[in-house]
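Spelled out from the first residue to the last, the chains are:
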Amino acid sequence: MERPVIHHIPACPFSQRLEILLALKGRQGAVTFHVVDITRPRDPELLHKTRGTTALPVLETPGGQVIKESLVILRYLDETVGPRPVRRADPAEHAVENMLILREAGFAAAGYRLIMNRDRSAREALHAAMLAEFSALDHFLCDHSGAQDYLFNSFGLAETVFTPLFMRFWFLDYYEDFDLPPNQAFDRVRAWRSACLAHPAAGQVTREEIVKLYYDYAMGAGNGALVPGRARSSFAFSPHWRDRPWPPRDKYNTAATDAELGLT
């Protein structure tokens, strides 16, 4: 094995950030991606390598060492692929970059709690929690980067971490009618999000793909789990997502069948 192998889910945001990093470096061929079907039980050989954990992505070095956690893998690839890292070279700027990256976990959790919620009475509070995360990002950007599009003067490590989440949260727009209020309080983070989404290194997925594949998350079933009454996951590889109809937007009153989702 001459190149590292990354076991991943193509539509997963934590895998996409690795692809974005490699695209920024122009080194997409530096690793071999092995696609994992999360609608099926994990391969026993992979489980043996990960000591029983199922979280993806997982990187296997040419020497057989297994590295877990997407941010750890991201930093490993940044240090080992290409002539120079994407991270900021200046220690103080790198510290600011890392402070922003530390906000990723809470931001992601708020978005996934909202999409997976099935209790209409909890919806308002979950929307407010998501807005609070965006507000915290806005304040951080205003404090540390002024009026630039990115955190610094170019798409960097922090953008690589957050862009896949901005893309996944297209499902919040579709299924929850969520977006940022059109006022100045969110102008900085709105501009950052727009610049991140428009960057050419971040073209691995589309809005249509995210909305269709993540329908089961809107039904409260994540990671390839089956929605009650259904026989197939929306993450199934076949039929291809392009050949399926758009799912119903009403996640609280409508539960589409396999046939209605184009999965049969």
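We now turn to the structure provided with this report. (Residues numbered from 1 in each chain as written. Predicted model: local features only at pLDDT ≥ 70, side-chain atom pairs only at ≥ 80, totals over all residues. Heavy atoms only, no water.)

### Quick notes on the overall build of the protein
Alright, step 1. In terms of helices and strands, the protein carries eleven helices and four strands.
Alright, step 2. For the protein, the spread of C-alpha atoms along the principal axes amounts to about 55 × 50 × 30 Å.
Alright, step 3. Sequence-distant contacts in the protein: of pairs separated by 6 or more residues, those separated by 24 or more amount to 75%.
Alright, step 4. Carbon together with sulfur atoms contributes 53% to the accessible area of the protein, which is approximately 12,300 Å² in total.
Alright, step 5. Looking at the protein, you have 30 positive and 32 negative side-chain charges, and the mean spots of the two groups are 3 Å apart. (Helix = DSSP H or I, 4+ residues; strand = E, 2+ residues; numbered from the N terminus. Contact = heavy atoms within 4.5 Å. Areas by Shrake-Rupley, 256 points an atom, 1.4 Å probe, with all protein chains shown as cover. Lys, Arg positive; Asp, Glu negative; His and termini not counted. Charge placed at Lys NZ, Arg CZ, Asp CG, Glu CD.)

### Remarks on the pairing of strand β2 (residues 32–35)
Regular strands show a simple pattern: their side chains alternate between the two faces of the sheet.
Alright, step 1. By the bridge criterion, four bridges tie strand β1 (residues 5–8) to β2 in an arrangement that is parallel. Within the sheet, the bridge partner assigned to Val5 lies in β2 and is Thr32.
Alright, step 2. Following the backbone out of β1, through helix α1 (residues 13–25) and into the adjacent parallel β2, one traces a crossover that is right-handed. (Pairing = 2+ DSSP bridges. Right-handed = clockwise from strand over helix to strand, strands pointing away.)

### Let's talk about the side chain of His199
Alright, step 1. Relative to the helices and strands, His199 resides in the loop between α9 (187–198) and α10 (207–213).
Alright, step 2. Leave out the neighbours within four places in its chain, and His199 touches Leu24, Tyr150 and Phe155.

### Quick word on the sheet that holds strand β3 (residues 58–60)
Pairing between sheet strands relies on hydrogen bonds along the backbone, with the strands arranged either parallel or antiparallel.
Alright, step 1. Read from one edge of the open sheet, four strands run β2-β1-β3-β4, paired in mixed fashion. Strands with a single pairing partner mark the edges of an open sheet, and in this sheet they are β2 and β4 (66–68). Ignoring which end each strand starts from, the neighbouring axes of this sheet average 25 degrees apart.
Alright, step 2. The strands that helix α3 (residues 70–80) touches are β1, β3 and β4; relative to β4, the one it contacts most, it runs at about 120 degrees. (Axes fitted to C-alpha atoms, helices over the stretch in contact; angles between N-to-C directions.)

### Considering the nonpolar core
Alright, step 1. Counting residues in hydrophobic clusters, the biggest one holds 79 residues, and the most contacted among them are Leu77, Leu100, Phe107, Met130, Phe134, Phe171 and Trp192.
Alright, step 2. Top contributing element to this core by residue count: helix α7 (residues 157–168), with seven residues.
Alright, step 3. Other than its neighbours up to four places away in sequence, Met130 contacts Phe107, Ala110, Gly111, Leu114, Phe169, Leu172 and Phe178. (Core = buried A, V, L, I, M, F, W, Y, C linked by side-chain atoms within 4.5 Å. Buried < 20%, exposed > 50% of the residue type's maximum accessible area, 1.4 Å probe, protein only.)

### Topic: the pattern of salt bridges
Alright, step 1. Applying the stated rule across the entire model yields 15 salt bridges.
Alright, step 2. A salt bridge links Glu176 to Lys251; its shortest N-O distance comes to 2.9 Å. A residue pair is termed long-range when its members are at least 10 positions apart, and Glu176 in helix α8 (residues 170–176) and Lys251 in the segment after α11 (215–218) qualify at 75 residues.
Alright, step 3. Judged by relative accessible area, Glu176 falls into the buried class, the value being 0%.
Alright, step 4. By relative accessible area, which is 1% here, Lys251 ends up buried.
Alright, step 5. Through salt bridges with shared partners, a single ionic network connects Glu45, Lys49 and Glu60. (Salt bridge = Lys/Arg side-chain N within 4 Å of Asp/Glu carboxyl O.)

### Here's the deal with the pairing of β1
Alright, step 1. Burial along β1 is two-sided: the face carrying Val5 and His7 and the face carrying Ile6 and His8 are both buried.
Alright, step 2. Here β1 runs beside β3; their pairing, made up of three bridges, is antiparallel. Following the sheet pairing, Val5 is matched in β3 by Glu60.

### What to know about the packing of aromatic side chains
Alright, step 1. Evaluation of the coordinates by the stated rule reveals 21 aromatic pairs.
Alright, step 2. Judged by centre distance (5.7 Å) and plane angle (80 degrees), the ring pair of Tyr112 and Phe171 falls under edge-to-face. With a gap of 59 residues between them, Tyr112 in helix α5 (residues 104–116) and Phe171 in helix α8 connect regions that are remote in the sequence. Here Tyr112 matches Phe171 in class, with each residue buried. (Phe/Tyr/Trp six-rings, centres within 6.5 Å; stacked < 30°, edge-to-face > 60°.)

### Observations concerning unusual backbone geometry
Alright, step 1. Geometrically, the link from Leu56 to Pro57 is a cis peptide bond, its omega value of 5 degrees lying close to zero.
Alright, step 2. For the peptide bond that leads from Ser238 to Pro239, omega is -5 degrees, which places it in the cis range.
Alright, step 3. Positive phi values are uncommon outside glycine, yet Glu69 reaches one of about 75 degrees.
Alright, step 4. Along the chain, Glu69 turns up in the loop between β4 and α3.

### Some details on the packing of α5 against helix α6 (residues 123–145)
Alright, step 1. The interhelical angle for the contact between α5 and α6, taken along N-to-C directions, is 155 degrees, at an axis separation of 9 Å. Compared by their axis directions, α5 and α6 come out roughly antiparallel. You can see that α5 and α6 cross each other, and the crossing is left-handed. Contact residues: α5 offers Gly106, Phe107, Ala110, Gly111, Arg113 and Leu114, while α6 offers Leu126, His127, Ala129, Met130, Glu133, Phe134 and Leu137.
Alright, step 2. Tallied by class, residues from the contact of α5 with α6 come to eight nonpolar, three polar and two charged. (Parallel < 35°, antiparallel > 145°, perpendicular 65-115°, else oblique. Left-handed = near helix turned anticlockwise from the far one by under 90°. Nonpolar A, V, L, I, M, F, W, Y, C, P; charged D, E, K, R; others polar.)

Geometry only, nothing functional implied.
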